[in-house]
Every structure is written in structure tokens, then in C-alpha cells.
Amino acid sequence: MSLKLATNALHAGHDVKKTQGTRAVPIYQSTSYVFDDSEQAANLFALTEAGYIYTRLNNPTNDVLEQRLAALEGGVAAVATASGTAAIATTLMTLLKAGDHIVASNSLYGGTYNMLSNTLPRFGITTTFVDPDDVDNFAKAVQPNTRVFFAESLGNPKLDVIDLEGISVHAKAAKVPFIVDNTIATPALLNPIKYGANIVIHSLTKYITGNGTTLGGIIIDAGTFDYSNGNFPEFTEPSPSYHGLKYHDALGPIAFIARVRVEGLRDLGSAPSPLNSFQVIQGLETLEVRMKKHSENALELAEWLASRDEVSWVNYPGLSSSKYTDLAQKYLPNGKSGIVTFGLKKGFEAAKKVAENTKIFALLANIGDTKSLIIHPSSTTHSQLNEKEQTSTGVSPELVRISVGIENIDDLKEDLNQALKAI
Ligand SMILES: *Cc1c(COP(=O)(O)O)cnc(C)c1O
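A quick note: this is a predicted structure, and the numbers were derived from the prediction, not measured.

**A few points about the overall build of the protein chain**
Of regular secondary structure, the protein chain possesses 17 helices and 12 strands. Computed over C-alpha atoms, the radius of gyration of the protein chain comes to 22 Å, within 12% of the 22 Å expected from 2.2 N^0.38 for 423 residues, which places it in the range of a compact globule. If you line up the protein chain on its principal axes, its C-alpha atoms span 70 × 55 × 35 Å. Sequence separation of at least 24 residues holds for 72% of the intrachain contacts in the protein chain that already meet a minimum separation of 6. Here the protein chain displays about 17300 Å² of accessible surface, and carbon together with sulfur accounts for 53% of that area. Computing the positive centroid from 36 side-chain charges and the negative centroid from 44, the protein chain places the two 2 Å apart.

**Examining the side chain of Asn106**
Position of Asn106 among the secondary structure elements: in the loop between strand S2 (101-105) and helix H5 (110-119). What Asn106 contacts, discounting residues up to four positions off in sequence, is Tyr113, Phe129, Val130, Asp131, Pro132, Lys158, Ser392 and Thr393.

**A word on the packing of helix H13 (residues 287-306) against helix H17 (residues 409-421)**
Interaxial distance between H13 and H17 falls to 10 Å at its minimum, and their mutual angle equals 35 degrees. Handedness of the crossing formed by H13 with H17: right-handed. Between H13, through Asn297, Glu300, Leu301, Trp304 and Leu305, and H17, the contact on the second element is made entirely by Ile409, Leu412, Lys413, Leu416, Asn417 and Leu420. Split by residue class, the contact of H13 with H17 holds 7 nonpolar, 2 polar and 2 charged.

**As for the nonpolar core**
For soluble globular proteins, nonpolar side chains are generally found buried alongside one another. Counting residues in hydrophobic clusters, the biggest one holds 54 residues, and the most contacted among them are Leu65, Leu69, Phe149, Leu164, Phe178 and Leu332. Excluding residues that lie within four positions of it along the chain, Leu65 makes contacts with Ala80, Leu204, Ile218, Ser277, Val280, Ile281 and Leu284. Core analysis: the next-biggest nonpolar cluster, separate from the first, contains 34 residues, Ile102, Phe232, Phe256 and Val260 among them.

**Quick word on the sheet that holds strand S12 (residues 399-403)**
The strands making up a sheet associate through backbone hydrogen bonding, with each pair oriented either parallel or antiparallel. The strand order across the open sheet built from 5 strands is S8-S9-S12-S11-S10, with neighbouring strands paired in mixed fashion. In this open sheet, the two strands that pair with only one neighbour each are strand S8 (311-315) and strand S10 (362-363). The pairing of strand S9 (residues 339-344) with S12 spans 5 bridges and is classified as antiparallel. By the bridge assignment for S12, Ile339 is matched with Ser403.

**Quick word on helix H15 (residues 348-357)**
Looking at H15, one finds that the buried residues are Ala350, Ala351, Val354 and Ala355. For H15, the buried positions fall inside an angular range of 135 degrees around the axis, keeping them on one side. Exposed and facing more than 90 degrees away from the buried side of H15 are Glu349 and Glu356. Next to the buried residues of H15 lie S9, S10, strand S11 (373-375), S12 and H17.

**Description of the sheet that holds strand S7 (residues 217-221)**
Within the open sheet, the 7 strands sit side by side as S1-S7-S6-S5-S4-S2-S3. Their pairing is mixed. The open sheet has two edge strands, strand S1 (77-81) and strand S3 (126-130), and neither has a second partner. Going across the sheet, the axis of each strand differs from the next one's by a mean of 20 degrees, ignoring polarity. With 4 bridges connecting them, strand S4 (residues 146-152) and strand S5 (residues 178-181) associate as parallel partners. Directly across from Ala151, in S5, lies its bridge partner Val180. Set on the sheet, helix H7 (residues 164-173) makes contact with S4 and S5; between it and S5 the angle comes to about 150 degrees. Each of S1, strand S6 (199-203) and S7 is contacted by helix H11 (residues 255-268), which is oriented at about 30 degrees to S1, the strand it contacts most.

**Focus: the site of the ligand**
For the ligand, the set of nearby residues contains 13 residues, the closest of which are Thr85, Asp181, Ser203, Thr205 and Lys206. Here Asn156 contributes a side-chain N or O atom positioned 3.3 Å from an oxygen atom of the ligand. Side-chain polar atom of Asp181 to a nitrogen atom of the ligand: 2.6 Å apart, as the coordinates give it. Taking 380 Å² as the accessible area of the ligand by itself, protein coverage stands at 94%. Partitioned by chemical class, the residues of the shell around the ligand number 2 nonpolar, 8 polar and 3 charged.

**Some remarks on the domain arrangement of the protein chain**
It is common to report an interface's size as the accessible area lost on association of the parts. For the protein chain, the assigned domains are domain 1 (5-283) and domain 2 (288-421). The centre of domain 1, based on its C-alpha atoms, is set 29 Å off from the matching centre of domain 2. Facing the 36 residues of domain 1 at the interface are 38 residues of domain 2. A combined buried area of about 3100 Å² lies between domain 1 and domain 2, and 59% of that area is made up of carbon and sulfur atoms.

**Some thoughts on a negative patch on the surface**
Together, Asp36, Asp37, Glu39 and Glu49 make up a region of like negative charge exposed at the surface. Topologically, Glu39 is positioned in helix H2 (residues 38-45).

What counts as what
- Here the residue index of a chain counts from 1 through its sequence in written order.
- Reporting of local features is limited, given that this is a predicted model, to residues whose pLDDT is at least 70; pairs of side-chain atoms are given and counted only at 80 or more, and all residues count toward the totals for whole chains, interfaces and linings.
- Hydrogens are left out, water is left out, and the side-chain values use all remaining heavy atoms of the structure.
- Under the scheme used here, helices are H or I runs from DSSP no shorter than 4 residues and strands are E runs no shorter than 2 residues, and both carry numbers assigned from the N terminus.
- Each radius of gyration reported is based on C-alpha atoms, and the globular scaling rule is 2.2 Å times the count of residues to the power 0.38.
- Contacts: residue pairs with any heavy atoms within 4.5 Å of one another.
- Accessible surface area values rest on a Shrake-Rupley calculation with a 1.4 Å probe, where residue burial reflects the displayed protein chains alone.
- All tallies of charge rest on Lys and Arg as positive and Asp and Glu as negative; His and the ends of each chain are not included.
- The atoms used to mark charge sites are NZ of Lys, CZ of Arg, CG of Asp and CD of Glu.
- Here, axes are lines fitted to C-alpha atoms. For helices the fit covers the stretch in contact, and angles between N-to-C directions go from 0 to 180 degrees.
- The crossing is said to be left-handed when, going from far helix to near helix, the turn is anticlockwise and less than a right angle, and right-handed when the turn is clockwise.
- When residue character is reported, Ala, Val, Leu, Ile, Met, Phe, Trp, Tyr, Cys and Pro are called nonpolar, Asp, Glu, Lys and Arg charged, and the others, Gly included, polar.
- Nine residue types can take part in a nonpolar core, namely buried Ala, Val, Leu, Ile, Met, Phe, Trp, Tyr and Cys, and a core is a set of them joined through side-chain atoms within 4.5 Å.
- Type-normalised accessible area, obtained with a 1.4 Å probe on protein chains alone, sets the label of each residue: buried when under 20%, exposed when over 50%, and partly exposed for intermediate values.
- Criterion used throughout: strands pair if DSSP finds at least two bridges between them.
- This arc is taken over the directions from the axis of the helix to the C-beta atoms.
- Any residue with a heavy atom positioned within 4 Å of a molecule or strand is treated as near that molecule or strand.
- Here a polar contact means two N or O atoms within 3.5 Å. Within protein one must be a hydrogen donor candidate and the other an acceptor candidate, and residues neighboring in sequence count only if both atoms are side-chain atoms.
- Here the bounds of each domain stem from an automatic or database domain assignment.
- Once two parts are joined, some of their accessible surface, as seen by a 1.4 Å probe, is lost; buried area is that loss totalled over both.
- Patch membership requires more than 30% relative accessible area and the absence of a salt bridge. Residues of like charge join within 9 Å; the nonpolar side chains Val, Leu, Ile, Met, Phe, Trp and Tyr join within 5 Å.
- What counts as a salt bridge is simple: a side-chain nitrogen of Lys or Arg found within 4 Å of a carboxyl oxygen of Asp or Glu.

Take a look at the structure:
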């Protein structure tokens, strides 16, 4: 039976008969699992039999979360990680080696931008950042050593809606997988796999858990990329790292995600705690209703902010003034998520002050909480970037970012009203 998102968010991956009839997904807080005998243990390590070995590699609670998110995104399988950043690092370090090259959108989450521009080059992996508004920029940046394309479906904090389909055509031509960070949109609003993404990543820390209690990440494999195309010998040649396994031959559509688990998690140790996965599952249950409310509140506040004298501009893909209106209608027909940015006419100091003066909106460096949040990125989350980098990632001195929660909309307006009046 093919079930819809709201149903899968509550049920996918949990076989109640295998968990003593428990209606809630249990927390399996165990590091390791008793083998039946040596032969079974050998089969588990050889991947000829499914089962649990050690919680750095797999765990029954994490397993439910993985199956559930794979179902929500339309992927073949998934691997959960300790954070969104761990998901990105584990994916790239599983796929790439020294000498390889990434083509990435220039409007990325600050932490990801830093990883690609400063940390990965130390290991010989370089990135060309391109303006994703023209999808041909991805094709133009391709080099003989390019091995992945990377973009956020809805850029943080630029809120640019990416033409996934256009970019995926170029990824296919370049014979590289297209990795999409879908954190801001969530599977409740957008499924990048439908538009050609080969790997989907989420920070579960944001909307998917939704209440600001838990760090988490996920890597979802669409199972659609052909790793035998000549660009990825690590998938076709015997792996010295896993007793000569030829991932492509042995595992077909799950070659990538299997390698993430048995080599990526094994070597990088990026596994989540089962307790955290349990917490993520609690949040995930209500994802669809929350994203609807976040989107409604954000649209109403964006329109209200646009009418204010203190405000010079408002950026929200749901506004008719947005340059992404058409792409937003195509890719996000059911809501444009909860992040809004706006500029203060009086600039940097005024923006800082508004962020300090709200009472319901909490001043902090996170997004995607049920509770409303506010920040001045130029002096905080993006302060490690130089001015040029700030501009390319969409951060200007007068910009304030809000993550609109699911509180009563009139209370949120009144809170911003008094903060704007104070400048
Ligand atoms: C927060 C975020 C990340 C990083 O996730 P963590 O769970 O904080 O490591 C990656 N991408 C996007 C778009 C994010 O918003």
C-alpha cells in the first residue's frame, strides 16, 4: 500500500510485532548486539544477512528513523547521523578523494560554506561556488575532476528557490550525483528526488524534530545514480577497506548508502545516539501540520513587514514581490516554509537592535523551532565570512532573519511592532 506523507510520518519503518507491540518506537539504548553464533556474525559482517552489529553502524531505533525518512523523501534507504553537518561531511568523504572537485551553489548554510571553502581543501578537495539563479553556471564550472554537485533546495538565509530540475540535467550530463540539502523545505513541502536529486540531506535539528531539543542529520539515497559510469572506481573496483567488496556489483541501487554505513560511519563515527533518534521521531510525527502553520504564519508576517515604514525590503518566496515566485509555485506549492528575511532602512545598528528587542522571538542561532527565533546574521552566524562572502551567501549588514514559529500570529506581529518602534 502506498501511503501519503502524514501517514508515513507516523508509521513508516516501525513494525510493532518486532517491538513487543509497542505503539511508540522504543529507545534501544544498547551499543552492541548478541550474535546467534560465529557463522551468523560472519554473515552480518559480510552483508549477506541483515542485522545489527554495533550502534556506530546500525541500531533499531535509528533504523526506524532511517526507514521513515527514506519513505518521506521517496528514497531507497537512508543513514542517520549525529547532526546535519555530520551528514554532509560523511556523504562527501564517502564519495570524494584528494584531487576531486565540487560544484556548489554559493547560497549555502554558513557552516557548509566553511566546510567546502576552508576545511575540505586541506584534504585536497576543492569547490567552485556558482550563482544558482542561472543553472548553466553549474555546467560551466565543471572540470574533468568534478565528482558532485551540491545545493540547498531553499537557500539559508538567501531563501533562493533552486531550479532543481535544471541543475539535475547538468549533473546527469557531467555524470556526477546531485546532492540536495532539503533542510528548510522539509519533505512535507518538497521532495527533491522527484526533480532529479540523487542524494538528499537534512539537518534534523531544524523543522524535522521541530522543537529545538535535538541535533540530528540524515542522508537519503534516491538509488538513481549509476556509480559504474567510470567516474567512481571506488564503487566498481574491489574495496580494500571492506574485504574486496565491489559495491556497485554487490549492492546495485543501494551501493552508495551501504558504503556510507559500512565505511563512512565506521571510519568517521558520525552515528547518532538512539535517544536522539527517538526524540527526532517524536517531532517528525507532526511535521506536516507544523509546516503548514509555519508557512501560513511566515506569509502573513512577511506581508505585514512589507507594509512597515522601518523596513526597506522583505524576502520570502511566498511574496508576489519575490523574484522566486514562479520557482516557488512549482517546487513549493503547499507552503514556502517559515524563514523570512528583511532589511532595516537604518542599516546594521538598527538590525542588531531589532534582533535584541523582541520578547517572543528569541535571539539565537537556530531555525525551524516551533518557537519563533530571530538573528542578525552579519554580526553573528556569518561574521566569520568576509564582506564578499557575506554578500554571495545573501547576507547584507541591514538583514534580519526570523524563523517564524507556530505561536498566535497577532502576538508575533505585536512583538515585532514593539521591537521596530524601539529603533
Ligand atoms: C543547520 C543546517 C545545517 C547543519 O545542521 P546541524 O544539524 O546544525 O549540523 C545544514 N544545512 C542547513 C540548510 C541548515 O540549516
